[in-house]
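Reading the structure
Each chain, letter by letter, is given below.
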Amino acid sequence: GTMMLQGPATRLTIFIGESDQWRHHPVYTEIVHRAHAAGLAGASVMRGIEGFGASSHIHTTRILSLSEDLPVAIVIVDSAERIEAFLPQVDELVTEGLVILDPVNVITYTGRMPEDAA
């Protein structure tokens, strides 16, 4: 079916390092998979090009090194209740990072339309 979300919602933003691992794969991948499994409306991962966090080391794409740990942001928007229910999983996966919750107003978000509706 078509997913629609409009009106008051909660945005969950998680800033972590691109190289942060959970059982040999990236934490951001695990969060997205779990968000999908939890039936959340959607999740997007944005890659940062430069930044610093709690460790206060500056990470940047200008230095081409495998040891770099660039910031990634995972953004998930859904109802306050669904986001709230998902937080324990975030807590389990994010050992070092920044987790932000803020109230948002969704103007329009529609999933793919079924082919026969075209």
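Here we summarise the structure given alongside this text. (Residues numbered from 1 in each chain as written. Predicted model: local features only at pLDDT ≥ 70, side-chain atom pairs only at ≥ 80, totals over all residues. Heavy atoms only, no water.)

1. Quick notes on the overall build of the chain
Applied cut-off: Going along the chain from the N terminus, every DSSP run of H or I of four or more residues is numbered as a helix, and every run of E of two or more is numbered as a strand. Exposure is judged per residue with a 1.4 Å probe applied to protein chains only, and the accessible area is read against the type maximum: over 50% gives exposed, under 20% gives buried, and values in between give partly exposed. Contacts are assigned to residue pairs with any non-hydrogen atoms lying within 4.5 Å of each other. We get accessible surface area from the Shrake-Rupley algorithm with a probe of 1.4 Å; when it comes to residues, only the shown protein chains can shield them.
From N to C terminus, the chain includes two helices and eight strands. Looking at the chain residue by residue over its 118 residues, the buried ones come to 33%. Residue pairs in contact within the chain that sit at least 24 positions apart in sequence constitute 76% of those at least 6 positions apart. Of the accessible surface of the chain, which amounts to about 8,000 Å², a share of 56% is contributed by carbon and sulfur atoms.

2. A word on a nonpolar patch on the surface
For the record, the criterion: Only residues whose relative accessible area exceeds 30% and that take part in no salt bridge are eligible for patches, with like-charged residues grouped when within 9 Å of each other and nonpolar side chains (Val, Leu, Ile, Met, Phe, Trp, Tyr) grouped when within 5 Å. We count a salt bridge whenever a side-chain nitrogen from Lys or Arg sits within 4 Å of a carboxyl oxygen from Asp or Glu.
A grouping of F15, L98 and I100 is seen on the molecular surface, where their side chains present a nonpolar patch of about 240 Å² in accessible area. You can see L98 is positioned in strand β8 (residues 98–106).

3. Considerations on the nonpolar core
We count it as follows: As used in this record, nonpolar core signifies buried Ala, Val, Leu, Ile, Met, Phe, Trp, Tyr and Cys residues forming a set joined through side-chain atoms within 4.5 Å.
Ranked by internal contacts, the top residues of the largest apolar core, which has 16 residues, are L12, I14, I16, I31, I76 and F86. Counting residues per element, the ones that place at least two in this core are β1 (7–17), α1 (27–37), β7 (71–78) and α2 (80–93). Sorting elements by how many residues they give to this core places α2 first, with four residues. The residues touching I14, leaving out its near neighbours within four places in the chain, are I31, V72, A73, I74, V90, V94, L98 and V99.

4. Section: unusual backbone geometry
With a phi angle near 45°, R23 is a residue other than glycine that sits in the positive phi range. Not every positive phi belongs to a glycine, and H24 is a case in point at roughly 70°. Judged by its relative accessible area of 77%, H24 is exposed.

5. Some thoughts on the sheet that holds strand β4 (residues 43–47)
Rule in force here: For two strands to be treated as a pair, DSSP must find at least two bridges joining them. Orientation is described by lines fitted to C-alpha atoms, with helices fitted over the stretch in contact, and by angles between N-to-C directions that extend from 0 to 180 degrees.
The antiparallel open sheet is built from four strands, whose spatial order is β4-β7-β1-β8. With one partner strand each, in any of the chains shown, β4 and β8 form the two edges of the open sheet. Ignoring strand direction, the axes of neighbouring strands in this sheet form an average angle of 20°. Contacting β1, β4 and β7, α1 runs over the sheet at an angle of about 10° to β7. Its contacts with the sheet place α2 against β1, β7 and β8, and it is angled at close to 20° to β1.

6. Here's the deal with the side chain of T10
Structurally, the position occupied by T10 is in strand β1. On the basis of relative accessibility, which here comes to 14%, the residue T10 falls in the buried class. Excluding its chain neighbours within four sequence positions, the residues that come into contact with T10 are I76, V77, D78, A80, I83, L101, D102 and V104.

7. Details of the pattern of salt bridges
Evaluation of the coordinates by the stated rule reveals five salt bridges. Its salt-bridge partner being D78, residue R82 comes within 4.0 Å of it at the nearest N-O pair. The partly exposed category is assigned to R82, whose relative accessible area is 42%. With a relative accessible area of 6%, D78 lands in the buried category. Each of the salt bridges in this network shares a partner with another, and the network as a whole consists of E30, R34 and E92.

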